[in-house]
Amino acid sequence: MNLDRSIKLIGKNNVKKLNNLKVLIVGLGGVGGMTLEMLVRSGIENLIIIDYDDFEESNINRQLLCTQKSIEKHKTDEAIIRVKSINPLCSIKKYDVKINRDFLCENNLKVDYIIDACDDVNAKIELIKYALDKNIKIVSCMGTGNKLDPAKLKITNIWKTQYDPLAKKIRQYLRKENITDKIPVVTSEERPLVKNIKEIPSLALVPNAAGILLASYVINDIIKIC
């Protein structure tokens, strides 16, 4: 994979650091799919991906990995095809499972970073606990649905979010577990647009921008330039 333009920007040593990094991405929807794309194109060559779901037609409006040809196919399988089409040398391992405590206990996932791009509250809590227990860096995405303005996304810690119902729920669970650590998150400060709805609406703009921010957190944390 040609990374000459990357080397000109961040230097050969930093590109090598990214090459050797091992990252776990949980969730391959609108957020996680874009995160994966950014990491691979930035030169990260060691990945573990987790998602139990298949693509549906309703995913096409916002999920990078979803096309007409990928409907009813495993998200992890389509993700691997995408990754290998960009960088055939990338090492990528998949799990078609739903994250829970048992899975994390049974599988010793040795990674440098965990990127939580899933929308399951219990999974998010278990990932945070696992990361803290194993001393693995983690960044977690909060709610991106029912939002329209990507400019209102930011990276902060879980205890400093506003207008984010998912982040509020996560904090409640963390307090019950007596967890007070600063957990970096991507969150939107935009107020939810549509009220009194059962299914959360979403457009491509905010989830994909959130995915880019998740990737940028990891990359900038490694290269220490920005």
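Residues numbered from 1 in each chain as written. Predicted model: local features only at pLDDT ≥ 70, side-chain atom pairs only at ≥ 80, totals over all residues. Heavy atoms only, no water.

Draft legend 1. Spotlight on the nonpolar core. Formed by 39 residues in total, the largest nonpolar core has its most connected members in Val23, Ile25, Leu36, Leu39, Leu47, Ile115 and Leu214. Looking at this core, the elements with two or more residues in it are α2 (12–20), β1 (22–26), α3 (30–41), β2 (46–50), α4 (75–86), β4 (113–116), β5 (137–141) and α8 (205–223). Considering every element that reaches this core, the biggest residue donor is α8, with nine residues. Beyond its immediate stretch of four places on either side in the chain, leucine 36 contacts Ile25, Leu28, Leu47, Ile49, Leu65, Ala79 and Val83. The next biggest cluster of nonpolar side chains, apart from the first, holds 30 residues, and it includes Cys118, Ala123, Leu127 and Ile179. (Core = buried A, V, L, I, M, F, W, Y, C linked by side-chain atoms within 4.5 Å. Buried < 20%, exposed > 50% of the residue type's maximum accessible area, 1.4 Å probe, protein only. Helix = DSSP H or I, 4+ residues; strand = E, 2+ residues; numbered from the N terminus. Contact = heavy atoms within 4.5 Å.)

Draft legend 2. Examining the pairing of β2 more closely. Most of β2 is tucked away, with four of its five residues classed as buried. Tracing the backbone out of β1, into α3 and back to the parallel element β2 gives a crossover that is right-handed. Handedness of the β2-α4-strand β3 (residues 91–95) crossover: right-handed. (Right-handed = clockwise from strand over helix to strand, strands pointing away.)

Draft legend 3. Just the pattern of salt bridges, in detail. Summed over the entire model, instances satisfying the criterion amount to 12 salt bridges. Where glutamate 37 meets arginine 41, a salt bridge forms, and the shortest distance between an N and an O atom there is 2.7 Å. Taken as a pair, glutamate 37 and arginine 41 lie in helix α3 at a separation of four residues, close to a single helical turn. Assessed through its relative accessible area of 6%, glutamate 37 is described here as buried. (Salt bridge = Lys/Arg side-chain N within 4 Å of Asp/Glu carboxyl O.)

Draft legend 4. Looking closely at helix α7 (residues 165–176). Here α7 contains 12 residues, and its C-alpha end-to-end distance of 17 Å stays within 8% of the 16 Å for a straight helix at 1.5 Å per residue. Residues of α7 that are buried include every one of Leu166, Ala167, Ile170, Arg171 and Leu174, and no others. All buried residues of α7 lie within an arc of 140 degrees about the axis, which places them on one face of the element. Across from the buried face of α7, at angles greater than 90 degrees, the exposed residues are Pro165, Lys168 and Lys176. With its phi angle positive at about 60 degrees, asparagine 178 sits one or two positions after the end of α7. (Expected span 1.5 Å × (residues − 1). Arc of directions from axis to C-beta.)

Draft legend 5. Seen up close, the layout of surface pockets. In this structure, the largest pocket spans a volume of roughly 1200 Å³. Looking at the largest pocket, it is lined by 44 residues, and the ones nearest its centre are Arg62, Cys118, Asp119, Thr144 and Ile200. Class assignment for the residues of the lining of the largest pocket results in 18 nonpolar, 13 polar and 13 charged. (1 Å grid on protein atoms, 1.4 Å probe; cavity = no way out; pocket = protein on both sides within 12 Å on 5 of 7 lines; lining within 4 Å. Points joined across faces, edges and corners; volume = space filled by probe spheres on them. Nonpolar A, V, L, I, M, F, W, Y, C, P; charged D, E, K, R; others polar.)

Draft legend 6. The arrangement of the sheet that holds strand β6 (residues 153–157) in detail. An order of β3-β2-β1-β4-β5-β7-β6 is seen for the seven strands of this open sheet, with the pairing classed as mixed. The open sheet has two edge strands with one neighbour each: β3 and β6. Strand-to-strand twist in this sheet, taken as the mean axis angle between neighbours without regard to direction, amounts to 20 degrees. For β1 and β4, the ladder comprises four bridges, and the chain directions are parallel. Note on β4: the bridge partner recorded for valine 23 is tyrosine 113. The sheet contacts of α3 involve β1, β2, β4 and β5, and relative to β1 the element is tilted by about 165 degrees. (Pairing = 2+ DSSP bridges. Axes fitted to C-alpha atoms, helices over the stretch in contact; angles between N-to-C directions.)

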